[in-house]
Amino acid sequence: MSNPSILILPGDGIGPEVMAEVRKVIDWFGAKRDLAFDVSEDLVGGAAYDKHGVPLADETMAKAQEVDAVLLGAVGGPKYDVLDFSVKPERGLLRLRKEMDLFANLRPAQCFDALADFSSLKKDIVAGLDIMIVRELTSGIYFGEPRGIFEEGNERVGINTQRYTESEIERAARAAFELAMKRNKKLCSMEKANVMESGILWREVVTRVGQDYPEVELSHMYADNGAMQLVRAPKQFDVIVTDNLFGDILSDCAAMLTGSLGMLPSASLGAPMANGRPKAMYEPVHGSAPDIAGQGKANPIACILSFAMALRYSFDQGDEATRLEAAIEKVLADGVRTADLMGPDDGTPVSTSEMGDKIIEALDASL
Ligand code: NAD
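No experiment lies behind these values; they were computed from the predicted model shown.

A. The arrangement of the overall build of the chain in detail. Helix and strand counts for the chain stand at twelve helices and twelve strands. The C-alpha radius of gyration computed for the chain amounts to 21 Å, which stays within 12% of the reference 21 Å derived for 367 residues, consistent with globular compactness. With the C-alpha coordinates of the chain rotated into their principal frame, the extents come out at 60 × 50 × 50 Å. Counting every position in the chain, which comprises 367 residues, the buried fraction comes to 51%. Contacts in the chain between residues far apart in sequence, at least 24 positions, make up 74% of those at least 6 positions apart. Accessible surface for the chain amounts to roughly 16,500 Å². Of this, 51% is attributable to carbon and sulfur atoms.

B. Structural detail: the pattern of salt bridges. With the rule as written, the count across this model stands at 27 salt bridges. For the salt bridge of E283 with R97, the shortest nitrogen-to-oxygen distance reads 3.4 Å. Within this pair, whereas E283 is found in strand β12 (residues 278-284), its partner R97 is found in helix α4 (residues 89-99), the two being separated by 186 residues in sequence. Judged by its relative accessible area of 6%, E283 is buried. Each of E166, E170, R174, R208 and D212 takes part in one network of salt bridges that share partners.

C. How the structure looks around the packing of helix α6 (residues 166-182) against helix α7 (residues 197-210). Remark: α6 packs on α7, axes separated minimally by 9 Å, with the N-to-C direction vectors making an angle of 50°. By the criterion of interaxial angle, the relationship of α6 to α7 is oblique. Considering only the axes of α6 and α7, their crossing is right-handed. Of α7, the residues touching α6 (which contributes E166, I169, E170, A173, R174 and F177) are L201, W202, V205, V206, R208, V209 and G210. In the contact of α6 with α7, the residues fall into eight nonpolar, one polar and four charged.

D. Local environment of α4. For α4, the full list of buried residues reads P89, G92, L93 and L96. With its buried residues spanning 95° around the axis, α4 presents them on a single face. At its buried positions, α4 is contacted by β1 (5-11), α2 (46-52), α3 (58-66), β3 (69-74) and β12. Of the residues one or two after α4, D101 is the one with positive phi, at around 55°.

E. Examining the site of the ligand more closely. Of all residues adjacent to the ligand, which total 21 residues, the nearest are E90, G287, A289, D291 and N299. Within the side chain of E90, an N or O atom sits 2.6 Å from an oxygen atom of the ligand. Separating a nitrogen atom of the ligand from a backbone N or O atom of N299 is a distance of 2.8 Å. For the ligand, the protein covers 68% of the area, taking 800 Å² as the surface of the free molecule. Residues of the shell around the ligand, tallied by class, amount to ten nonpolar, seven polar and four charged.

F. Structural context of the packing of aromatic side chains. All told, the structure shown has six aromatic pairs when counted by the stated rule. Here W28 and F29 contribute two aromatic rings whose centre-to-centre distance is 5.0 Å and whose plane-to-plane angle is 90°, an arrangement assigned as edge-to-face. Pair check on accessibility: W28 and F29 agree, each one buried. For the ring pair F37 and F315, a centre distance of 4.9 Å and an interplane angle of 55° mean the geometry is tilted. One end of the pair, F37, is in the loop between α1 (15-32) and β2 (38-41); the other, F315, is in the loop between α10 (301-313) and α11 (318-333), and 278 residues separate them in sequence. Owing to a relative accessible area of 11%, F37 belongs among the buried residues under this scheme. Using a relative accessible area of 7% as the deciding quantity, one classes F315 as buried. By the ring-pair criterion, three or more aromatic residues cluster together here, those being W28, F29, F37, F307 and F315.

G. Here's a closer look at the domain arrangement of the chain. The domains assigned to the chain are domain 1 (1-111 + 262-367) and domain 2 (120-130 + 164-258). The interface is formed by ten residues belonging to domain 1 together with 14 residues belonging to domain 2. When domain 1 packs against domain 2, the two sides together hide about 1,200 Å² of surface, and 61% of this comes from carbon and sulfur. Of all residues in domain 1, F103, A109 and C111 bury the most surface against domain 2, accounting for 42% of the area lost on that side.

H. Inspection of the sheet that holds strand β4 (residues 104-110) at higher detail. Strand order in the open sheet formed by ten strands is β2-β1-β3-β12-β11-β4-β5-β10-β8-β9, with mixed pairing between adjacent strands. Edge positions in the sheet fall to β2 and β9 (217-222), since each has one partner strand and no second. When the angles between neighbouring strand axes are averaged without regard to direction, this sheet yields 20°. In this structure, β1 lies alongside β3, joined through five bridges in parallel fashion.

I. Region of the structure containing the environment of R135. For R135, the location among the structural elements is in strand β5 (residues 130-136). The exposure class of R135 is buried, given its relative accessible area of 11%. C-alpha of R135 to C-alpha of A254: the two residues are 119 residues apart in sequence and 12 Å apart in space. In this structure the side chain of R135 is engaged in a polar contact, spanning 2.8 Å, whose partner is the side chain of N244.

How each quantity is defined
Residues numbered from 1 in each chain as written. Predicted model: local features only at pLDDT ≥ 70, side-chain atom pairs only at ≥ 80, totals over all residues. Heavy atoms only, no water. Helix = DSSP H or I, 4+ residues; strand = E, 2+ residues; numbered from the N terminus. Rg over C-alpha atoms; globule rule 2.2 N^0.38 Å. Buried < 20%, exposed > 50% of the residue type's maximum accessible area, 1.4 Å probe, protein only. Contact = heavy atoms within 4.5 Å. Areas by Shrake-Rupley, 256 points an atom, 1.4 Å probe, with all protein chains shown as cover. Salt bridge = Lys/Arg side-chain N within 4 Å of Asp/Glu carboxyl O. Axes fitted to C-alpha atoms, helices over the stretch in contact; angles between N-to-C directions. Parallel < 35°, antiparallel > 145°, perpendicular 65-115°, else oblique. Left-handed = near helix turned anticlockwise from the far one by under 90°. Nonpolar A, V, L, I, M, F, W, Y, C, P; charged D, E, K, R; others polar. Arc of directions from axis to C-beta. Near = heavy atom within 4 Å. Polar contact = N/O pair within 3.5 Å; in protein donor to acceptor, adjacent residues only side chain to side chain. Phe/Tyr/Trp six-rings, centres within 6.5 Å; stacked < 30°, edge-to-face > 60°. Domains from an automatic or database assignment. Buried area = accessible area lost by both parts, 1.4 Å probe. Pairing = 2+ DSSP bridges.

So this is what it looks like as structure tokens:
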């Protein structure tokens, strides 16, 4: 059987720097765990625009459709801010999400013990936190029609439309229940069924899908209360499923409970392919960080944790994903820090590649 395939799209700014560390980790699993991948690399974002005049070439899009998983760094930068909207770096990313139909966005919020002091919340509220938000990504108010700014009488009116079909809700719900089955079998669905018809339908469909997962304890919460509970007592949750708009806000809120942007991975999953694996793209939550690009200061952990998610959700290697996460936990517990994880008086930070090397050392020690 051929090896599973990965397409790496490093992108712009710190993207290539953090992805170089992911390459070390991928190579380590090939050499030490007999887990080899067929890795290819291509351009996205500004880097693709510089070469092809578009932020994602058709050939790259075709490759992304064929591989078992896409790993993306980050796109964008000040050099490209003047470009027409249609060729901006971010359009490359949106094209990937849209054409691969990646409808479920998984954003974990996990607090490594060594970084619990770094949260804006009290240590005992976040220490040991490990929750997952599943956000519906391809429908809802960001896509619904009608939309636009229209003249109405003697003033203008801005319109966006929240629209969900039953099948769109169902597939997002199913992704969340499947995830809950792999975790602690606890799922909380968030909407505003008290004031929105789309919320009433959301609740109905999620409840119906739940009948196929009798082992999962399902609860429902209004999204505004959900935001409050996430800050008050986040550890009451395990998996949360919600729509595109609420998910955008709640996942940013939950993620930042845990400290730095340099630590946050994500996965976007679509329908299963012929081989049973979901269409999938894994990427750090952060952008291309032009302010630190090229200086060896970027934290590669978000991107490496995104690969850990690929191990777990695309390649069914949950134990190896746990090994990688434990190696990162060990490095942090040893006090190794990139600059984003330090205060001004906390000593000398390590560079991007030194952090990668330390994680490889911890992986070696795990054998
Ligand atoms: P950003 O995430 O790039 O940076 C925000 C701040 O966090 C910066 O101070 C940066 O130095 C820091 N930071 C981010 N990642 C870090 C890491 N791994 N290690 C250490 N520090 C890190 O967001 P921004 O400054 O708003 O945007 C910069 C560019 O990135 C823009 O062109 C934007 O459009 C693009 N962007 C791309 C994505 C993506 O590719 N998914 C996401 C967000 C922003």
